[in-house]
Amino acid sequence: MAEAADFQGTSASPARRWLRRTGALLAGLPLLAGLCQLPAAPSADATEQTATQAADSGTVSVALDTLSPSAPTDGDTLTVSGTVTNNGKQTVTDAHVGLRVGPELTTRSAIDRTAKDSSDLQGITGSEVGGKYVEKFAKLTPGVAQRFSLSVPVDELDLGDSGVYQFAVSLSGETSAQPWEQVLGVQRTFLPWQSGEAGTKTRTTYLWPLISTAHMTAETGSNEQQTPVFLNDDLAKEISPGGRLDQMLSLGKNLDVTWVIDPDLLASVDAMTRPYEVRTGDTTRAGTYQTVAKQWLAELQKAVEDKEVVALPFADPDLASLAHNGTSVTGSLSHLKEATDVVANTVEPILHVKPVTDFAWPVDGAVDPSIVKVATSAGADKVIARSDSLQETGGLPYAPSAARPIGGGTTAVVADARLSTAFQGDLTRASAATLAVQRFLAQSLALNLQTNNQRSIVVAPQRMPTAGQAQAMAEALTALQSDDWSESQELTAAAAVKPDPAATTKVPSRSAYPSSLRKQELPRTAFAQIATTQEKLDNFKVVLSDQSRVVTPFGRAMNREMSTSWRGRATEATGFRGDVAAYLDELSDQVKLIKKSETKLSGRSATIPVTVQNNLVQGVDHLVLRLTSLSPKRLEIGGEAYTEQPVEISGSRSQTVKFTTTANANGRATVVAQLYTEDGQAYGDPVTFDVKVTEFTATVMLVIGGGVLLLVLAGFRMYTQRKRAAAREAEEEDSEAAGEAARGPKNLDSPEDRLKEESGTRPGADDPEQPSDPTADTAAESNDPSGTGERVNR
């Protein structure tokens, strides 16, 4: 309309031109909106991006169960097998499994990154081998796993020089939503490749730990053999066929390893070869795994007869917990010394080999100055550390040899962290174990290729591998010991290697100790409870005739209370310590005073009996019983406020000790009986009782004395009367006998004589009783109790 208003042949003004352009733009907006809604053909870049985004969602999972050989060489045929599972909601069609070889990984950190993203499609590199080395699937139904197996000559993989190569198994296919071929799942791993013989070989030391948790209690039987009591049957399960320790033994005996053994495990299994008990609630039952224990020990003896055996202190004490929380508790370090001293008398008699005892192994090889100090306090001069704790700070482009001096004559044997942690986690699935094996071998080869200098490397795995972890470890070691880049070496040899001058020797500070490990440590209260138990044991053992029956089982139990195996099991640790303390209290209470009721004391002096009971199977001595009067002005004991007497009692017996007392006044006096050891320490609970004193006066004593005199005089008079009566009877009998002799024989024909003879009458039979005749016998004294309370001996 603006243009129509202009005159023909003249140009539009600037204002009009701006209005026309604005109007045209506004009129074209609906058309542009419609054009934007039309579908556009996808570009190649857009198609690849969409496919990758779809694959990132995890449409298909690939599990690599086997890869053999783990480290192939020239002429080998590589075989892989596993499963593919469609995790999506749509069926995958025209699918196939293929193999991919990526570029060489030249650093150990690159291996770590690849392992971290092993199933991420974003990082896929390398082309598919293709050809006949694929396995096809017409379709993959959602939720259904299907197996695959592929074999390919190593020559077809076009591997170059020695090194670690990426290796992947991928699943490609189509879906109805994305009808073009794309990679829908992948599993990446490593292919260690040694082309020809290695110039230098890494000397590798692998520690093979035989360590378990605490299984034996402090309790033993009352018989001469002291039948041990176990917490449960867990150890029996571990050494039974298929159990964890059975697997560790059967796998380790075929490997070149250094055995690291806890003597407590040996002592426990050895105890199972004889009669033993198993606790079930409040009772015990007979153990039944003697045969299994004998077989396991016999196999272990054969396995280690020509191998190096490193023995840890008894029960594998937690050095870090002791260093951080136990050194402030008196006596804690002495338990570590005892745990070290007992090793020689435990390992060699059972395994028939002399163990190495100068190595200390803190948890996960984490060290700080306090841990090193505690570790060496019991005699060890070598500490097994780990490279993620004692880290290299000099920028070395390679991993140095394990041994290095850290001061004070102590050598740190630094295990490689990557190799040592390769088999942690859940390895029950074949795919997880296979990936762990390939990663371990890849790291080992990459380490060897770092430099041409020969080095000694130590691998210190987790203390108690599961059966699955042990199998993966054995598979990796079998492959490693048959490869060209590594050779086996014992731990003592690794510790004796000349240290690399560029390697770090500085122990990290205490603040650098990992917080995750610190949270699992035994608290100070645990060491305080152990110290209390030790104090009670010291007080108890001095009264025993055979201290070893108690000192040995309780000493080993307290070693177990400090075990590394309690990490992550705080509740169980507390319960174990409580049971040990309770059982010691129970034994101590078997030697005790018998409670007394009120005692009556009539007179100025008497004896008070106190009974000591010993329910132990062994005798007790070196005890003193003290009786104390709390009212010495009223009642003295032995002429003083208290007196003591030694006590010595055979097993399962009681002894009554008598104390002489003197009463000075009437009334009630409180008396305390208490057992003491010879060094003056109170033993057991005291017994308190009352003594009721009723002192007689002088008048009463005179009356009683007079009564006694009268009784004596009366008795004498009765005696003389009886004597005179007997004399008269004898005289009369003699007179009568003489008269009868003078008269001659009786005439029994006379009726009167016969009557007298039959009636039995004789002269004097009807005479009246004489005053001097003896009185009748007095009645027997009553046997009834004299009254309430105890009567004392006088």
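Residues numbered from 1 in each chain as written. Predicted model: local features only at pLDDT ≥ 70, side-chain atom pairs only at ≥ 80, totals over all residues. Heavy atoms only, no water.

Chemist: Help me understand unusual backbone geometry, please; the structure alone is not making it clear to me.
Modeler: Residue P69 follows S68 across a cis peptide bond; omega there is -5°. As for its placement among the helices and strands, P69 is situated in the loop between β1 (60-68) and β2 (77-86). Look at Q226: it is not a glycine, yet its phi comes out positive at around 50°. Mapping Q226 onto the fold places it in the loop between β9 (216-220) and β10 (228-230). One non-glycine residue, D316, lies in the positive phi region at around 50°. Relative to the assigned elements, D316 resides in the loop between β14 (309-311) and α9 (319-326). D316 gets classed as buried once you look at its relative accessible area, which sits at 4%. (Helix = DSSP H or I, 4+ residues; strand = E, 2+ residues; numbered from the N terminus. Buried < 20%, exposed > 50% of the residue type's maximum accessible area, 1.4 Å probe, protein only.)

Chemist: Explain the pattern of salt bridges here, please?
Modeler: Charged atoms that come close allow side chains of opposite charge to pair. Following the criterion strictly, the structure yields 23 salt bridges and no others. Linking R279 and E219 is a salt bridge whose minimum nitrogen-to-oxygen distance equals 2.4 Å. With R279 in strand β12 (residues 277-280) and E219 in strand β9, this pair connects stretches of sequence that are 60 residues apart. In this structure R279 comes out as partly exposed when scored by relative accessible area, which is 25%. A salt bridge links K382 to D358, with the nearest nitrogen and oxygen atoms 2.7 Å apart. (Salt bridge = Lys/Arg side-chain N within 4 Å of Asp/Glu carboxyl O.)

Chemist: Got a minute to help me understand the sheet that holds strand β5 (residues 145-153) in this structure?
Modeler: Two pairing modes exist for strands in a sheet, parallel and antiparallel, and in both the strands are linked by backbone hydrogen bonds. The antiparallel open sheet is built from three strands, whose spatial order is β1-β2-β5. The open sheet has two edge strands with one neighbour each: β1 and β5. Across the sheet, the mean angle from the axis of one strand to that of its neighbour is 20°, orientation sign disregarded. Summarising the sheet, β1 and β2 pair through eight bridges and their orientation is antiparallel. Across the sheet, V62 pairs through a bridge with V84, a residue of β2. (Pairing = 2+ DSSP bridges. Axes fitted to C-alpha atoms, helices over the stretch in contact; angles between N-to-C directions.)

Chemist: In this structure, what is going on with the sheet that holds strand β3 (residues 92-105)? I would like to understand it.
Modeler: Taken in spatial order, the four strands make up an open sheet running β4-β3-β6-β7, and their pairing is antiparallel. Both edges of this open sheet fall to β4 (135-140) and β7 (182-193), since each of them pairs with a single strand only. The mean inter-strand angle of the sheet, taken between neighbouring strand axes irrespective of direction, is 25°. Sheet analysis places β3 next to β4, joined by five bridges and oriented antiparallel. Each bridged residue has a counterpart across the sheet, and for V97 the counterpart in β4 is E135. The strands touched by helix α4 (residues 108-116) within the sheet are β3, β6 (163-174) and β7, with β7 carrying the most contacts at an inclination of about 150°. Against the sheet, helix α14 (residues 430-448) touches β6 and β7, its axis set at about 45° to β7. (Contact = heavy atoms within 4.5 Å.)

Chemist: Would you mind showing me how to read the pairing of strand β28 (residues 667-677) here?
Modeler: On a regular strand, one side chain projects to one face of the sheet and the next to the other, so that they alternate. The buried fraction of β28 is high, at eight of eleven residues. Alignment of strand β24 (residues 620-629) against β28, held across seven bridges, turns out to be antiparallel. By the bridge assignment, L627 is partnered in β28 with A673.

Chemist: Would you take a moment to explain helix α19 (residues 548-561) for this structure?
Modeler: For an α-helix, the turn length of 3.6 residues means that residues three or four places apart are oriented alike. The terminal C-alpha atoms of α19, which comprises 14 residues, lie 20 Å apart, in line with the 20 Å expected from a rise of 1.5 Å per residue. Along α19, the positions that sit buried rather than exposed are R549, V550, P553, F554, G555, R556, A557, M558, N559, R560 and E561. Buried residues along α19 sit against β9, α7 (263-272), α10 (332-341), α18 (524-541) and α20 (570-588). (Expected span 1.5 Å × (residues − 1).)

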